[in-house]
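# Structural features, examined
Chain by chain, the residues:
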Amino acid sequence: MYFHGSGIPSHSAPLVGCSASNFADSARTLCSAWWPPPESLCRRRVVLQTESGRDILTALSLYNTRKGTMHSIVNRIQRACVIYGMVATFRLCVAIAFQSISRFVSSLWSARSITENHDLEFDLKWGVDTGGTVVPEKSEVIGPNWIYGIKYQGCNSDDLDQALTEIDTQHECFTFVDFGSGKGRGILTASRFPFRKIIGVEYSERLNEIARHNVLLFPDSAKKCKDIEVVCADAIRFPIPEGPLVIFLFCPFLRPVMTQVVQNVSTSFHQNPRRIVVLYFNPLFADVWKKAIFMKETRPSKNVAIYDTQIGVA
Ligand SMILES: C[S@@+](CC[C@H](N)C(=O)[O-])C[C@H]1O[C@@H](n2cnc3c(N)ncnc32)[C@H](O)[C@@H]1O
């Protein structure tokens, strides 16, 4: 039963001094009245996503800057104080906050376990070691850009597989370059397509050694491209290969390095115009590619951005 027009449930027994189970019931009822808040409230959606784009949490933030929302919350708290008393209202607010925090934490855990499961699945399937995260030490990387590097974490191979299947290219004509290849999950996934050549560029020699070992472990029967090279280099120093390219970036570095890589690709393109396709997963610095006028964005998406010079048939 609801108080007429208030949206707050009525209770026959007062909450102050009630038993634990009554209190829990009341908390649940009040929570359900407040969470999710009615459509009339202005709300902001916060969506956390996995690499594959699956939503893992859709939280509704009440901390909306739009006028009226805070006012409405304060009104509700005031009404609850009148109905239930200050102490019970305070307890209920704490219960609601606790419930929201525990939902948030449990969804973070579930995101982590989705990633761990995926790591395990890929490694068990192919008998390789590409899982986990690695933060390379400054002393083990080549070049001055350690500060702009993002830690190693393998890409979602299903998503890369799908993107490589969907792009309109004859793989045989293209060289696949993974900037920031880490333990090599991206290049191993690409090796299942008949690329002319595959190159992984990684500035940590430790990760390169693991990647080379993984290339050996990956079954030959699954490889449609056997010309795989793993180069230890800073991405900005790596000379852009001739011929049509598929460039893969899975969130490898921050803006200053990305800007220089885009500049290198642009220079190479202007010297030798050809088809260059860029697959940028988790495109944090998509704007840098968007500004590069020689590229057209072909599939705008939150998780995967694809750019294409669209020159040449290949
Ligand atoms: C998120 S991981 C990507 C892993 C791999 N591409 C994949 O899909 O499995 C980013 C990688 O970029 C590497 N990296 C960061 N900055 C780099 C740079 N300036 N030059 C070369 N590699 C870099 C890191 O060491 C890390 O291994």
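Residues numbered from 1 in each chain as written. Predicted model: local features only at pLDDT ≥ 70, side-chain atom pairs only at ≥ 80, totals over all residues.

Turning next to the overall build of the chain. Scanning the chain from N- to C-terminus turns up eight helices and 11 strands. Taking all 314 residues of the chain together, 30% fall into the buried category. Sequence separation of 24 or more characterises 67% of the internal contacts of the chain that already satisfy a separation of 6 or more. (Helix = DSSP H or I, 4+ residues; strand = E, 2+ residues; numbered from the N terminus. Buried ≥ 20, exposed ≤ 12 C-beta atoms within 10 Å, placed from the backbone. Contact = placed C-beta atoms within 7 Å.)

For the rest of this paragraph, the subject is unusual backbone geometry. We note that Cys251 has phi near 40 degrees; this positive angle belongs to a residue other than glycine. Summarising the element assignment, Cys251 is placed in the loop between strand E8 (245–250) and helix H7 (255–271). Phi is positive for Asn282, which is not a glycine, with a value near 50 degrees. Positionally, Asn282 belongs in the loop between strand E9 (276–281) and helix H8 (286–290).

Take the site of the ligand next. Neighbouring the ligand are 26 residues, the closest being Gly149, Cys155, Gly180, Gly182 and Gly186. Mapped onto the shell around the ligand, the elements with two or more residues apiece are strand E4 (152–153), helix H5 (185–190) and strand E6 (197–202). In terms of residue class, the shell around the ligand is made up of 13 nonpolar, nine polar and four charged. (Near = placed C-beta within 6 Å. Nonpolar A, V, L, I, M, F, W, Y, C, P; charged D, E, K, R; others polar.)

Further remarks concern the sheet that holds E6. Reading across from one edge, E7-E6-E5-E8-E9-E11-E10 is the order of the seven strands in this open sheet, with mixed pairing throughout. Two strands close off the open sheet at either side, each with one partner strand: strand E7 (228–232) and strand E10 (296–299). The sheet shows a mean angle of 20 degrees between the axes of neighbouring strands, direction not considered. Alignment of E10 against strand E11 (residues 304–308), held across three bridges, turns out to be antiparallel. Its bridge partner being in E11, Lys296 is matched across the sheet by Asp308. (Pairing = 2+ DSSP bridges. Axes fitted to C-alpha atoms, helices over the stretch in contact; angles between N-to-C directions.)

It is worth spelling out H7 at this point. Counted at 1.5 Å a residue, the expected span for H7 with its 17 residues is 24 Å, and the 24 Å between its end C-alpha atoms agrees. Where H7 is concerned, the buried positions are Val257, Met258, Val261 and Val265. Mapping the buried residues of H7 onto a view down its axis gives an arc of 100 degrees, with all of them on the same face. Those residues of H7 that are exposed and angled more than 90 degrees off the buried face are Arg255, Thr267, His270 and Gln271. Contact partners of the buried residues in H7: strand E5 (175–179), E8, E9 and H8. (Expected span 1.5 Å × (residues − 1). Arc of directions from axis to C-beta.)

Taken residue by residue, the chain gives an average pLDDT of 80. The fraction at 70 or more is 74%. Throughout residues 1–66 the model reports pLDDT below 50, and contacts reaching past four residues in sequence, or to other chains, amount to 89 contacts. (pLDDT = per-residue confidence, 0-100.)

Among the six residues in E8, six count as buried, and that is most of the element. Bridge analysis of E5 against E8 gives four bridges, and the strand direction is parallel. Across the sheet, residue Phe176 finds its bridge partner in E8, namely Val246. Where E8 meets E9, six bridges bridge the pair, whose relative direction is parallel.

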